[in-house]
Amino acid sequence: MSGGKKLSRLQFDAQSSRLVVTSRSWYIRNTFSQCLCIWRKGIAGDATPDSLPSVPGTLPHFLLEPEDAYIIKSNPVKLNCRAAPALQIFFKCNGEWVHQNEHSSREFIDDGTGLKIREVAINVSRQQVEDFHGPEDYWCLCVAWSHLGTSKSRKATVRIAYLRKNFEQDPQGKEVPINGMIVLHCRPPEGVPMAEVEWLKNEELVSSLGDDNIDTRADHNLIINEARLSDSANYTCLATNIVAKRRSATATVVVFVNGGWSLWTDWSPCNVNCGRGVQKRSRTCTNPAPLNGGAFCEGMSVQKTTCNALCPVDGGWEEWSEWTTCSAQCERQRARECSAPTPRHRGKMCDGVSQASENCTGGMCTQNQKPLHDVKPQSMEGTNDVALYSGLAAGVVAVTVLVVAVMLYRKSQSEYGVDVIDSSALTGGFQSFNFKTTRQGNPLLLNSSMQPDITVGQTYSSPICFQDSIDKELFDTLPDIKVKVQSSFMVSLGVSERAEYHVKSHPETFPRALDREYSTADTVSPGRAHMKTTDIFNHLGGRLVLPNTGVSLLVSHGAISEDTSWEMYMVINQRDSSVQTEEGCEVLLGPEVTYGPAGLDLSFPVAMTIAHCAEVNAENWKIRLKRQTQDRKWEDIMSVEEESTSYYCLLDFSSCHVLLSQPGSYALVGQALTEAAVKRMKLAVFGSMETNSMDYSLRVYCVDDTPYAFQGVVNSERSKGGVLLEEPKILLFRGNTFSLQVSIQDVPQFLWNIKPFTTCQEFSFSQVWRSNQQPLHCAFSLERYSPATTQLSCKISVRQVKGHEQMLQVYTSVVESEKEAVPYFMQRECTVTSQTGAKAFKIPLSIHQRICNTFDTATAKGKDWQLLAQKLHIERNLSYFANQRSPCAAILSLWEAQHQDNGDLDSLASALEEIGRIHSKSHLRIPEESEADVNQ
């Protein structure tokens, strides 16, 4: 067709065997006429290879067919087609012939076959593809002509290549136990052509690692069959096609090891030599040690048992035997035995000699012509001289060794050259003791001998009650400890700070604006508007406590500068809550607490503990800390889940521990996010006789589960002469807007009569949900038919509609003479409101200072305060500690506040022990010169 006009469209009429030209722009030349004649003859069967020896009698076959192609950015793609024998080749795209001018062609003769080969190419642009709107992708094929007919190539699609930015599914981080299976899912972004997926482990291709334990599947998922510690890494899904390369979000995989107990040690010897004592054995959480956040071992690390040591029996002499007859040497002898009694059980041997001899001739018997008593053994004088000089030399050596030992000991005690704290000083000297006095019956129960022991457990545990006897017993078990860790860092810890400091400051050391309206010995009484405590604190720090309220304030050592004292106070507001809630959606979760004075200037934050009544769950609650401004309005200062550099809040099951730098009034409030939010309510039933001796009143209280709120109930019942009839119980009250119903059941109808309209009573949802630490109560009035009825038994049901239910069982005597006068305090007169100095803290000062010296500054070994915080499970809002003068001191203050009730030093000891064990495996050594610099 060379030299002709453009070819638009060809059609073949099968009935007339004609090639019909349908385009008006088609011009036929001689070459095409000859081709048409040959084609018709070929169709009619008249044309044969023999009749056309110069043109092979075959249809065109394609040596090169167009391939699928992708347009990258704006670059056009080139489609090629080659066929032999071929007179002409044209491209057809999307059913339309491509303009001849858009073809580039060349032809040549195959030397081997002599056939004419024609090759054609066209370019397809991005605009052409974008402008095409068909039911399928943009496509092209070639049509080749020979003398015998036409042949069509395969369809080649042309698509615009792309790869979207966002993955359809990013891999998610996981924490799995060792030997567990790990499956990381990845769905790459949409793209043309489809992206290929590879996995990176710490920026290294997984496929290059040759690890048979890691399997990458066709569905793009990564599977680790058995997790190993080495599999803890950052994993990234990498999607790639011809256009771009995309990275997914990094998934952090942590393989953790849960701790396991070692075998128990042998029982220690009985701690007394005579009578009843205690022996103990211990075990450590090292088989294996918890790693990468694995759970610490459950249970006690120390067991104790009683023992009976047999008392020692000292030996006693028998009577002397008779003298023997006089011997040839003029001596006679006698003997005695240490058998009256024989020494037993570590008893002392008898003092004195078991044999005696004497001259039996009155000194007249001689040897070698001399009296016997004048005869001296040979070399006697020389022997005595040697013994004298040997004794003097031994004495001099002993004194020298003693002096050197004392000097080394004093030097070791005065230096703080440590790079990690030895936890054995804690585990050896500070064990978690649970002190419980001999049960004498619950003072709040009428028939204490018949009721369960409610002096144990959270229900009646006071948040803090200082008891000197307990502190003394705890610290008396501590020897002066000097233990070394057998690892890359050798540590010596001395424990000597046991004394309580009582330092009275001079009046001129107080700030002039100090408010001194609060008295130190202010006790709680009904009807008071405030509960308060106050004390004077100096450089040694201390603790303020409001007994039986769950509220305390810890002032750390060094928070007050030296040569300065402050009279500090802490107050609970007992009036109606002044906290302004947001659209009535917030509820007060604990008491409003104020501490001061206003001009207080401290170097370190104080740790305030406030008991709360929320079942903590971030999905159901939004809990905030509020502070009262100078104009007596309340403002949010932080949410317990958010980051803050001014405040730190640690929320556990029953208390909120806050690190504060500014004096003022604080309150903890919560907003329910779902109906599954739960408040803990404490239920208690009290009883007392009415003025009419035939009537008896039962009062059921529903109050927020905080010690402060329940103390208000106790104070109220004291004034009414009430008696606690049943152990208080906890009801989980849900934020589902349903009310609370209280009903009395199983009252003996033939003995007691319930006054009308009191059998079932109800509190609305808002009354219970927004009680704001104020008690709710209802009363049941009963009348006995006969004075002979002295016992009352019944059940009281407290239930939330479509919620939980609790049953209170009442069994009591109603006769006045059978009642006992009982106190109402939960603890036995726990009224100590403050302590100052070392006894206010669980961690001895020397250990506290050494921990801070070790961890406040990062070292080459990486043992900084962040590692200590991680091991103490303080992993949130670390930016707060980074802004403190001593991050470690703030961390330990938070730990002191969190463990003030149980005094459990095992968790701290275990954390230090684990730090020591981890870094002992690193085999890193700091040169002695570096260590000396650190110590200095």
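Above this note sits the structure.
Residues numbered from 1 in each chain as written. Predicted model: local features only at pLDDT ≥ 70, side-chain atom pairs only at ≥ 80, totals over all residues. Heavy atoms only, no water.

Strand order across the open sheet formed by six strands is 39-40-36-32-31-52, with antiparallel pairing between neighbours. With one partner strand each, in any of the chains shown, strand 39 (648-651) and strand 52 (834-836) form the two edges of the open sheet. The sheet shows a mean angle of 10° between the axes of neighbouring strands, direction not considered. Looking at chain direction, strand 36 (residues 606-611) and strand 40 (residues 655-660) are connected through six bridges and run antiparallel. If you follow Ala-611 over to strand 40, its bridge partner there is Ser-655. The strands that helix 11 (residues 887-898) touches are strand 31 (542-546), strand 32 (551-555), strand 36, strand 39 and strand 40; relative to strand 40, the one it contacts most, it runs at about 150°. (Pairing = 2+ DSSP bridges. Helix = DSSP H or I, 4+ residues; strand = E, 2+ residues; numbered from the N terminus. Axes fitted to C-alpha atoms, helices over the stretch in contact; angles between N-to-C directions. Contact = heavy atoms within 4.5 Å.)

Among the six residues of strand 40, six are classified as buried, and the element is accordingly described as predominantly covered. Here strand 40 shows two buried faces, one formed by Ser-655, His-657 and Leu-659 and the other by Cys-656, Val-658 and Leu-660. Two strands pair when backbone bridges link them, and strand 39 and strand 40 are joined in this way by four bridges, in the antiparallel orientation. When the sheet's bridge partners are listed, Cys-649 is paired in strand 40 with Val-658. (Buried < 20%, exposed > 50% of the residue type's maximum accessible area, 1.4 Å probe, protein only.)

In this structure, Lys-679 sits in strand 42 (residues 678-689). When its relative accessible area of 0% is taken as the criterion, Lys-679 is described as buried. Looking at Lys-679, its side chain comes within polar contact range of the main-chain oxygen of Trp-769, at 3.0 Å. Excluding residues within four positions of it along the chain, Lys-679 makes contact with Cys-613, Trp-621, Asp-704, Leu-731, Leu-732, Phe-733, Val-768, Trp-769 and Ser-771. (Polar contact = N/O pair within 3.5 Å; in protein donor to acceptor, adjacent residues only side chain to side chain.)

All right, on to the environment of Thr-250 then. Among the structural elements, Thr-250 can be located in the loop between strand 22 (245-247) and strand 23 (251-256). In this structure, the C-alpha to C-alpha distance between Thr-250 and Asn-234, residues 16 residues apart in sequence, is 6.1 Å. Contact partners of Thr-250, with chain neighbours within four places excluded, come to Asn-234, Tyr-235 and Thr-236.

Another point: the pattern of salt bridges. One pass over the full model with this rule turns up 26 salt bridges. One salt bridge in this structure joins Glu-615 and Arg-680, with 3.6 Å as the shortest N-O distance. Of this pair, Glu-615 sits in the loop between strand 36 and strand 37 (621-628) while Arg-680 is found in strand 42, placing the two residues 65 residues apart along the sequence. By relative accessible area, Arg-680 is classed as buried at 2%. (Salt bridge = Lys/Arg side-chain N within 4 Å of Asp/Glu carboxyl O.)

With that settled, the discussion passes to the nonpolar core. Counting 72 residues, the largest nonpolar core has Leu-698 and Ile-796 as its most contacted members. Those residues in contact with Leu-698 that sit more than four places away from it in its chain are Val-685, Phe-686, Gly-687, Leu-725, Ile-744, Cys-778, Ala-779, Phe-780, Leu-782, Leu-792, Cys-794 and Ile-796. Ala-607, Leu-650, Ile-851 and Phe-855 belong to the second-largest nonpolar core, a separate cluster that totals 33 residues. (Core = buried A, V, L, I, M, F, W, Y, C linked by side-chain atoms within 4.5 Å.)

On to the sheet that holds strand 19 (residues 214-216). Strand order in the open sheet made by the three strands is 15-20-19, with antiparallel pairing throughout. The open sheet has two edge strands with one neighbour each: strand 15 (182-184) and strand 19. Between one strand axis and the next, the sheet turns by 15° as a mean value, whatever way the strands run. Looking at chain direction, strand 15 and strand 20 (residues 222-224) are connected through three bridges and run antiparallel. Counterpart to Leu-184 in the pairing with strand 20 is Leu-222.

Further remarks concern the packing of aromatic side chains. Enumeration according to the criterion identifies 14 aromatic pairs in this entry. Arranged with centres 4.8 Å apart and planes meeting at 50°, the rings of Tyr-648 and Phe-881 form a pair that is tilted. Residue Tyr-648 is located in strand 39, and its partner Phe-881 is located in helix 10 (residues 878-882); the two are separated by 233 residues in the primary sequence. In this structure Tyr-648 comes out as buried when scored by relative accessible area, which is 2%. Members of the aromatic cluster, each reached through a chain of ring pairs, are Trp-621, Phe-733, Phe-765 and Trp-769. One Lys or Arg, Lys-682, reaches over the ring of Phe-710 and ends 4.9 Å from the middle of that ring. (Phe/Tyr/Trp six-rings, centres within 6.5 Å; stacked < 30°, edge-to-face > 60°. Lys NZ or Arg CZ within 6 Å of the ring centre and 35° of its normal.)

This part takes up the state of the cysteines. In the structure shown here, the tally under the stated rule is eight disulfides. Here Cys-285 engages in a disulfide with Cys-297; their sulfurs sit 2.0 Å apart. Looking along the S-S bond of the Cys-285-Cys-297 disulfide, the torsion reads about 80°, which is the right-handed sense. Of the two residues, Cys-285 sits in the loop between strand 24 (275-282) and strand 25 (302-309) while Cys-297 sits in the loop between strand 24 and strand 25, which places them 12 residues apart along the sequence. The residues Cys-285 and Cys-297 share a single accessibility class, namely buried. Cysteine Cys-702 shares no disulfide, and the gap to the nearest cysteine sulfur, in Cys-778, comes to 9.1 Å. Cys-852 provides the cysteine sulfur closest to Cys-888, a residue in no disulfide bond, and the two sulfurs are 4.3 Å apart. Its relative accessible area of 0% is what places Cys-888 among the buried residues. (Disulfide = S-S within 2.5 Å.)

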